[in-house]
Amino acid sequence: MRYLGGKSKIARTIVAGMLEEYPETTHVWDAFCGGLSVSKAFAKAGKRVLASDESLALITTYKAAAAGWDPPIVTEAMYHHAKTLPDTDPNLRA
C-alpha cells in the first residue's frame, strides 16, 4: 500500500538536489525515513545514511529485520489485534 506522504517517486530528485547543493557531503541524516526511499537513494549515491523516524514501531521493526528477524505471516485477525497493541510491542504493531 502506498502511503500518500511517501517520497518513493521523488527520492532521486531529492537526492540529486541535495547533492547539487552540497556536493562534498559524505554523511546524511534522513530524519523522517518512513519507507526508506530517500535513505536508499542516498546509499546508492555512495553516502553514509543515518535514518530515524518518530515511529518507535517502525524503527524497531527495521532494526529487527536488519538483525535477521523473520516476520510472521499476518492473518486478518492478527492484523486487527495488532492495531490495538501499545507501542511497547512495536514489532507486531508495525
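Residues numbered from 1 in each chain as written. Predicted model: local features only at pLDDT ≥ 70, side-chain atom pairs only at ≥ 80, totals over all residues. Heavy atoms only, no water.

J.: Go over helix H2 (residues 37-44) with me, naming the residues and quoting the values.
T.: Within the sequence span of H2, burial applies to Val-38, Ser-39, Ala-41 and Phe-42. When H2 is viewed along its axis, its buried side chains cluster within an angular range of 165 degrees and face the same direction. For H2, exposure combined with an orientation more than 90 degrees from the buried face picks out Lys-40 and Lys-44. Looking at the buried positions of H2, the neighbouring elements they touch are helix H1 (11-21), strand S1 (27-30) and strand S2 (48-51). Looking one or two residues beyond H2, the residue adopting positive phi is Gly-46, at roughly 85 degrees. (Buried < 20%, exposed > 50% of the residue type's maximum accessible area, 1.4 Å probe, protein only. Helix = DSSP H or I, 4+ residues; strand = E, 2+ residues; numbered from the N terminus. Arc of directions from axis to C-beta. Contact = heavy atoms within 4.5 Å.)

J.: I'd like a rundown of unusual backbone geometry, residues and numbers included.
T.: A positive phi angle is found at Leu-36, which is not glycine, with a value near 75 degrees. Within the secondary structure, Leu-36 is located in the loop between S1 and H2.

J.: So what's going on with the pairing of S1? Residues and values would help.
T.: Here S1 shows one buried face, formed by Val-28 and Asp-30, and one open face, formed by His-27 and Trp-29. Of the pairings in the sheet, the one linking S1 to S2 comprises 4 bridges and is parallel in character. Opposite His-27, over in S2, you have Arg-48 as the bridge partner. For the crossover from S1 across H2 to S2, the handedness is right-handed. (Pairing = 2+ DSSP bridges. Right-handed = clockwise from strand over helix to strand, strands pointing away.)

J.: How would you sum up the packing of H1 against H2? Please name residues and give values.
T.: With their axes 9 Å apart at the nearest point, H1 and H2 run at an angle of 55 degrees to one another. One element, H1, and the other, H2, form an angle in the oblique class. Handedness of the H1/H2 crossing: right-handed. Across the interface between the two elements, Ala-11, Ile-14, Val-15, Met-18 and Leu-19 of H1 pack against Ser-37, Val-38, Ala-41 and Phe-42 of H2. Taken together, the residues of the contact of H1 with H2 break down into 8 nonpolar, 1 polar and no charged. (Axes fitted to C-alpha atoms, helices over the stretch in contact; angles between N-to-C directions. Parallel < 35°, antiparallel > 145°, perpendicular 65-115°, else oblique. Left-handed = near helix turned anticlockwise from the far one by under 90°. Nonpolar A, V, L, I, M, F, W, Y, C, P; charged D, E, K, R; others polar.)

J.: Give a description of a nonpolar patch on the surface that names residues and reports values.
T.: A cluster of nonpolar side chains, Val-74, Met-78, Tyr-79 and Leu-92, forms an exposed patch at the surface whose accessible area comes to about 360 Å². As for its position among the elements, Met-78 is in helix H4 (residues 76-82). (Patch = residues over 30% accessible without salt bridge, like charges linked within 9 Å, V, L, I, M, F, W, Y side chains within 5 Å. Areas by Shrake-Rupley, 256 points an atom, 1.4 Å probe, with all protein chains shown as cover. Salt bridge = Lys/Arg side-chain N within 4 Å of Asp/Glu carboxyl O.)

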